[in-house]
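The lines below spell out each chain.
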Amino acid sequence: MPQNIGHLLYYILPVRYRLALLIILAGAIFLGSCAKVDTAVKANANAGKGAYATKKYRNLFEENGFATADINRKIEAAYQQLFHGDSASQAIYFMAGQNANGPKAYVADVYHNDIRSEGMSYGMMIAVQLNKKAEFDALWNYALTHMYVSNPNHPAEGYFAWSLKRDGTPNSETPAPDGEEYFLTALYFASGRWGNGEGIYNYKAWADKILTTMRHHPMKTGPTKNGTQTVGNMVNEERKMILFVPQGAGRNFSDPSYHLPAFYELWAKWGPENDRAFWAAAADTSRNYFQRATHPKTGLSSDYADFDGKPVTVRFNANAHHFAYDSWRTAMNWSVDWAWWQKDPREQILSNRIQSFFASEGINNYGQIYTVDGKKMGNSHTTGLIATNATASLAATHPLAKDFVKALWQEPIPDQLGERYYDGLLYLMSLLHCSGQFRIYEPR
């Protein structure tokens, strides 16, 4: 009963009844306290079920009956072919000499004949997950030597040029945030797995530096090879959301596949202290953004989307408002977030939704480009999308999830010119995710 009513009754009741009232009041307070404790216990029980807390990573292949030895052989075969296979017909990883910091290597988009921050950072993430320190260091050395903008007068100082020619000269001197996101997270993991070295191999120091730049880069105007540009930070501060790019019109919208709440949660724990609250909020923003940016029936997102989630149309990408190549990664992002953190059960619904859509299209023959409401725009049944749809099974709860995992298992290692790079990287990362071998390593 309310405290003031209890006090009133105490003073108006005869003395012989006051003891009984005190016992009743004490019992009510005790039960209320127990209810609060029980609620707190339940909240704590619901939190911490993800892999970050439990250190247990689901192996979807084993759950489907595949043997551990066969799983490991499949992953090693993919790694060897893509990183150390025939340079003309298989590999995307290439040695590029050395400098004072040691060997250099790059990951190439062999179809477009360029080197991208996306591929370099994915290559580093794969290397740290597979404990390939030599390859990791060679890629990082190349990225800092040829992609990193260190000139203090350049508008993109502190960022990585998103595209280079195969000779190391830039096609563009401005960045794309997905590269920075994977670069710095791979560096944190490298710190945790191998410890920090000196200079460029002080992995954690560099991760902190990149993360600070992403949020706090000042608006700077200056000349680039593509004309005068103004470059700022990589986030919309008010909305706590990653931008498509930090310059020009690209500051006015986002890319759903750039949203990586699983990573942001780590940055909120490991990054510079003054920014930790921001990244924790950004993780929640991204989880809500997945709901707004995906179609309520198909689960498909567009390549680019406004801050409210609506598809964006731009002149330089005819598929920007469609579910296309960038969008393949979005389901992977929310599913890994669920696997690691289990903070938003709506991500399970999203995985069920998108897998149900692709199953309705035919699990062995769905296309690779769609309108967000489900009209097929491209007929190719491509490895990269097969791979990320399998990773969506980390969050899915329906029986279809196993079929998508089996589809990835049956898919050969990409070796076609147009698929080796992007599809190959998504294939190998998805093998790691689905085998429970894509893991968190806390920096030292």
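Thresholds applied
- Residues numbered from 1 in each chain as written.
- Predicted model: local features only at pLDDT ≥ 70, side-chain atom pairs only at ≥ 80, totals over all residues.
- Heavy atoms only, no water.
- Helix = DSSP H or I, 4+ residues; strand = E, 2+ residues; numbered from the N terminus.
- Buried < 20%, exposed > 50% of the residue type's maximum accessible area, 1.4 Å probe, protein only.
- Contact = heavy atoms within 4.5 Å.
- Areas by Shrake-Rupley, 256 points an atom, 1.4 Å probe, with all protein chains shown as cover.
- Salt bridge = Lys/Arg side-chain N within 4 Å of Asp/Glu carboxyl O.
- Phe/Tyr/Trp six-rings, centres within 6.5 Å; stacked < 30°, edge-to-face > 60°.
- Lys NZ or Arg CZ within 6 Å of the ring centre and 35° of its normal.
- Axes fitted to C-alpha atoms, helices over the stretch in contact; angles between N-to-C directions.
- Parallel < 35°, antiparallel > 145°, perpendicular 65-115°, else oblique.
- Left-handed = near helix turned anticlockwise from the far one by under 90°.
- Pairing = 2+ DSSP bridges.
- pLDDT = per-residue confidence, 0-100.

Colleague: Provide a residue-level description of the overall build of the protein chain, including the pertinent values.
Modeller: When its secondary structure is counted, the protein chain shows 16 helices and 11 strands. The proportion of buried residues among the 444 residues of the protein chain is 57%. Considering only residue pairs separated by 6 or more positions, the protein chain has 64% of its internal contacts joining residues 24 or more positions apart. Taken as a whole, the protein chain presents about 18,600 Å² of accessible surface, with 53% of it coming from carbon and sulfur.

Colleague: Give a description of helix H10 (residues 261-270) that names residues and reports values.
Modeller: With respect to burial, H10 is a largely interior element, 9 of its 10 residues being buried. All of the buried residues in H10 are Pro261, Ala262, Phe263, Tyr264, Glu265, Leu266, Trp267, Ala268 and Trp270.

Colleague: Describe the pattern of salt bridges, listing the residues and the values that go with them.
Modeller: For the structure on display, the rule yields 17 salt bridges. Where Arg58 meets Glu63, a salt bridge forms, and the shortest distance between an N and an O atom there is 2.7 Å. Its relative accessible area of 37% is what places Arg58 among the partly exposed residues. Note on Glu63: relative accessible area 39%, which makes it partly exposed. Arg215 is the salt-bridge partner of Asp275, the closest N and O atoms lying 2.8 Å from each other. Of this pair, Asp275 sits in the loop between H10 and helix H11 (276-293) while Arg215 is found in helix H9 (residues 203-216), placing the two residues 60 residues apart along the sequence. The exposure class of Arg215 is buried, given its relative accessible area of 14%. If you follow the salt bridges from partner to partner, you end up with Glu265, Asp284, Arg287, Asp337 and Lys343 in one network.

Colleague: Residue-level account of the packing of aromatic side chains, with values.
Modeller: Inspection of the entire model under this criterion finds 44 aromatic pairs. Note on Phe323 and Phe358: the rings are 5.8 Å apart at their centroids and 50° apart in plane angle, and the pair reads as tilted. Highlighted residues: Phe323 in the loop between H11 and helix H12 (328-341) and Phe358 in helix H13 (residues 346-361), separated in sequence by 35 residues. Here the two residues Phe323 and Phe358 agree in accessibility, since each one is buried. Put simply, the rings of Tyr122, Tyr182, Tyr188, Phe189, Phe263, Trp270, Trp340, Phe438 and Tyr441 touch in pairs and so form one group of aromatic residues. One residue, Lys55, lies across the ring of Tyr52, its end atom 5.4 Å from the ring centre. Its end group placed over the ring of Trp409, Lys74 keeps NZ or CZ at 4.6 Å from the ring centre.

Colleague: Explain the packing of H12 against helix H16 (residues 422-434) to me, using residue names and the numbers behind them.
Modeller: At their nearest, the axes of H12 and H16 sit 12 Å apart, and the two run at 20° to each other. Regarding the angle of H12 to H16, the classification is roughly parallel. Here H12 and H16 pass one another in a crossing that is left-handed. Within the contact between the two elements, H12 uses Trp328, Arg329, Met332 and Val336 and H16 uses Tyr422, Asp423, Leu426, Ser430 and His433.

Colleague: So, the pairing of strand S7 (residues 227-231): which residues are in play, and what are the values?
Modeller: Strand direction decides the pairing type here: strand S6 (residues 220-224) and S7, joined by 5 bridges, are antiparallel. When the bridges of S7 are listed, Gly222 appears paired with Gln229. Between S6 and S7, which pair antiparallel and follow one another directly, the connecting turn spans 2 residues.

Colleague: A description of the confidence of the model for the protein chain should follow, citing residues and the corresponding values.
Modeller: Close inspection of predicted coordinates is inappropriate in any region flagged by low pLDDT. Considering every residue of the protein chain, the mean pLDDT works out to 92; 89% of them sit at 70 or more. Counting interchain partners and residues more than four positions distant, the pLDDT-below-50 stretch residues 1-46 has 16 contacts.

Colleague: How would you summarise the environment of Asn252 if you had to cite specific residues and measurements?
Modeller: Residue position: Asn252 is located in the loop between strand S9 (241-242) and H10. C-alpha of Asn252 to C-alpha of Phe307: the two residues are 55 residues apart in sequence and 7.9 Å apart in space. Setting aside anything within four residues of it in sequence, one finds Asn252 in contact with Asp306 and Phe307.

Colleague: Break down the pairing of strand S2 (residues 102-109) for me, citing the residues and quoting the values.
Modeller: Within S2, 7 of the 8 residues are buried, which leaves the element mostly enclosed by the surrounding structure. For strand S1 (residues 93-99) and S2, the ladder comprises 5 bridges, and the chain directions are antiparallel. Its bridge partner being in S2, Gln98 is matched across the sheet by Pro103. Pairing of S2 with strand S3 (residues 114-116) involves 2 bridges; the strand directions are antiparallel. Residue pairing for S3: Ala108 is matched across the bridge by Ile115. Linkage of S2 to S3, two consecutive antiparallel strands, is achieved through a turn of 4 residues, within which Asn113 is found at a positive phi near 60°.

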